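Inside the fold
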Amino acid sequence: MRAYRKPAAGLALLLALATAGCSAQDGTTDAAPATPSGSPTAPSGSPAPATAYAPYVSATTAAATDSAGSPATYNLAFVISSGDDCTPRWNGVQDIGDTSVASRIAKLKESGPTVRVSFGGASGKELAAACASASELAAAYGEALDAAGSTRADFDIEGDELTDADSVALRSEAIALLQEDRSDLEVSFTLPVMPSGLDSDGLALLASANDHGVQVSTVNLMTMNYGESYDADMGDYALASAKAAHAQLTQVFGTSDADAWRGMALTSMLGVNDVAGETFTLADAAEVRAFAQEKGIAWVSIWATFRDRPCADDASADDALTDCSGVEQESGAFAEAFAG
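Residues numbered from 1 in each chain as written. Predicted model: local features only at pLDDT ≥ 70, side-chain atom pairs only at ≥ 80, totals over all residues. Heavy atoms only, no water.

1. Some thoughts on the pairing of strand β10 (residues 264-269)
β10 sits mainly inside the fold: six of its six residues count as buried. Residues M264, L266 and S268 point to one face of β10 and A265, T267 and M269 to the other, with burial holding for every one of them. As judged from the five bridges shared by strand β9 (residues 218-223) and β10, these two strands associate in the parallel manner. Residue T223 lies in a different strand from β10, and its bridge partner there is S268. For β10 and strand β13 (residues 299-303), the ladder comprises five bridges, and the chain directions are parallel. Residue L266 lies in a different strand from β13, and its bridge partner there is V300. (Buried < 20%, exposed > 50% of the residue type's maximum accessible area, 1.4 Å probe, protein only. Helix = DSSP H or I, 4+ residues; strand = E, 2+ residues; numbered from the N terminus. Pairing = 2+ DSSP bridges.)

2. Things to note about unusual backbone geometry
The omega angle of the peptide bond from A77 to F78 is -20 degrees, so this bond is cis rather than trans. If you trace the backbone, F78 turns up in strand β3 (residues 73-81). The step from W303 to A304 runs through a cis peptide bond, and the omega angle for that step is -5 degrees. Within the secondary structure, A304 is located in the loop between β13 and α9 (319-322). Phi is positive for S70, which is not a glycine, with a value near 50 degrees. Residue placement: S70 occurs in the loop between β2 (56-58) and β3. Of the residues examined, S70 reaches a relative accessible area of 57% and is grouped as exposed. Here N91, not a glycine, exhibits a phi torsion of approximately 55 degrees, which is positive. Along the polypeptide, N91 turns up in the loop between β4 (88-90) and β5 (94-95). The buried category is assigned to N91, whose relative accessible area is 18%.

3. Notes on the side chain of Q329
Mapped onto the secondary structure, Q329 falls in the loop between α9 and α10 (333-339). Apart from residues no more than four positions distant in its own chain, Q329 is found in contact with L282, R307, D308, R309, P310 and F334. (Contact = heavy atoms within 4.5 Å.)

4. Description of the state of the cysteines
The final tally for this structure, using the stated rule, is two disulfides. One disulfide in the model links C86 with C131; its S-S distance is 1.8 Å. For the disulfide bridge between C86 and C131, the dihedral angle about the S-S bond is near 90 degrees, and by the sign convention the bridge is right-handed. With a gap of 45 residues between them, C86 in the loop between β3 and β4 and C131 in the loop between β6 (114-120) and α2 (134-148) connect regions that are remote in the sequence. Of the two residues examined, C86 and C131, each falls in the buried class. Disulfide pairing is shown between C311 and C324; the S-S distance is 2.0 Å. Between C311 and C324 the disulfide shows an S-S torsion of about 90 degrees. By sign, it is right-handed. Highlighted residues: C311 in the loop between β13 and α9 and C324 in the loop between α9 and α10, separated in sequence by 13 residues. (Disulfide = S-S within 2.5 Å.)

5. Structural notes on the confidence of the model for the protein chain
Mean pLDDT for the protein chain: 88, with 86% of residues reaching 70 or above. Low pLDDT, under 50, characterises residues 3-28; the stretch is placed with 89 contacts to residues that sit more than four places away or in other chains. Throughout residues 31-45 the model reports pLDDT below 50, and contacts reaching past four residues in sequence, or to other chains, amount to 13 contacts. (pLDDT = per-residue confidence, 0-100.)

6. Focus: the environment of T151
Structurally, T151 can be placed in the loop between α2 and β7 (152-156). As a C-alpha pair, T151 and V115 span 36 residues in sequence and 8.2 Å in three-dimensional space. Here T151 is in contact with D184, L185 and E186, once residues within four sequence places are set aside.

7. A word on the nonpolar core
With 78 residues, the main nonpolar core has L76, W90, F119, Y141 and F189 as its most contacted residues. Not counting the four nearest positions on each side in its chain, W90 is found in contact with A59, T60, L76, F78, V79, D95, I96, V101, I105, V117 and A148. (Core = buried A, V, L, I, M, F, W, Y, C linked by side-chain atoms within 4.5 Å.)

8. Overview of the packing of helix α5 (residues 200-211) against helix α6 (residues 234-253)
At a minimum axis separation of 11 Å, α5 and α6 run at an interaxial angle of 30 degrees. Classified by the angle their axes make, α5 and α6 are roughly parallel. By crossing handedness, the relation of α5 to α6 is classed as right-handed. Contacts between α5 and α6 involve L203, L206 and N210 on the former and, on the latter, Q248, L249, V252 and F253. Each residue belonging to the contact of α5 with α6 can be placed in one class, and the counts come to five nonpolar, two polar and no charged. (Axes fitted to C-alpha atoms, helices over the stretch in contact; angles between N-to-C directions. Parallel < 35°, antiparallel > 145°, perpendicular 65-115°, else oblique. Left-handed = near helix turned anticlockwise from the far one by under 90°. Nonpolar A, V, L, I, M, F, W, Y, C, P; charged D, E, K, R; others polar.)

Pasting the structure below:
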């Protein structure tokens, strides 16, 4: 997903796939407690856990649509390196302990939602590509989590850093160290996907996490930006991507079908996508939400709350990729559709 920028300016891994059932009703969590080994399964035909709504928001700048849909969790975008050092910064520029950001995060939490710190994104340098050791990297991640008061870490890995085997391995080692010190830390990986499923690089990243003993609660699929040849229905593509990735997750982690669904999240780029011909509509949002609820998917998300509004009449094409949706809508309409 795009980094936020202001407008015009084997199975050692539990995959906690069984732990990612969620509640959008109380607004406090999007992951249920782990099911003890050998505990009875839910009766046949029982309803799937509620799918939470957990949108991506700017960590530094409030949007009028942040609270639309009453999110259970906010994904704070993004923590990255400022360049070549191992210092975590919001969007690579703002100090991790900045008081204005702390005030913004406190405001987001006021009505009960939790926050998840998202590391990485499509722009800038993820910390694993800048830090020299796993312990240094774990400390940088921990510093950001502490600044946000969060026990949830999302790693949005895409582009060159998804193909960099060294940073992938270092990240896995650092997350494992972090979970040794923070037993309550929930980890999600946000990865690009195609209607055919995760690619070999995404699967290699999950295998690396598995090899290092990382416990992953959720694999979040970026159902967007497939390529210019994918110019048909974006809702159908999202469902095809989820189904293909589901089959892969059951194989990679040796889980049941139900647990693999509960360990999945879906993130759509609302409205106009980065790729020409791809437009995700409100009807697509309703379709994805209904599918996620039917399957018991952990959470659904959007990129991003600050785009969940119509563009001004004089908006440029770039505006529709940074601070509005580019489609006809009421402000907050995508949030309401995803919240169900």
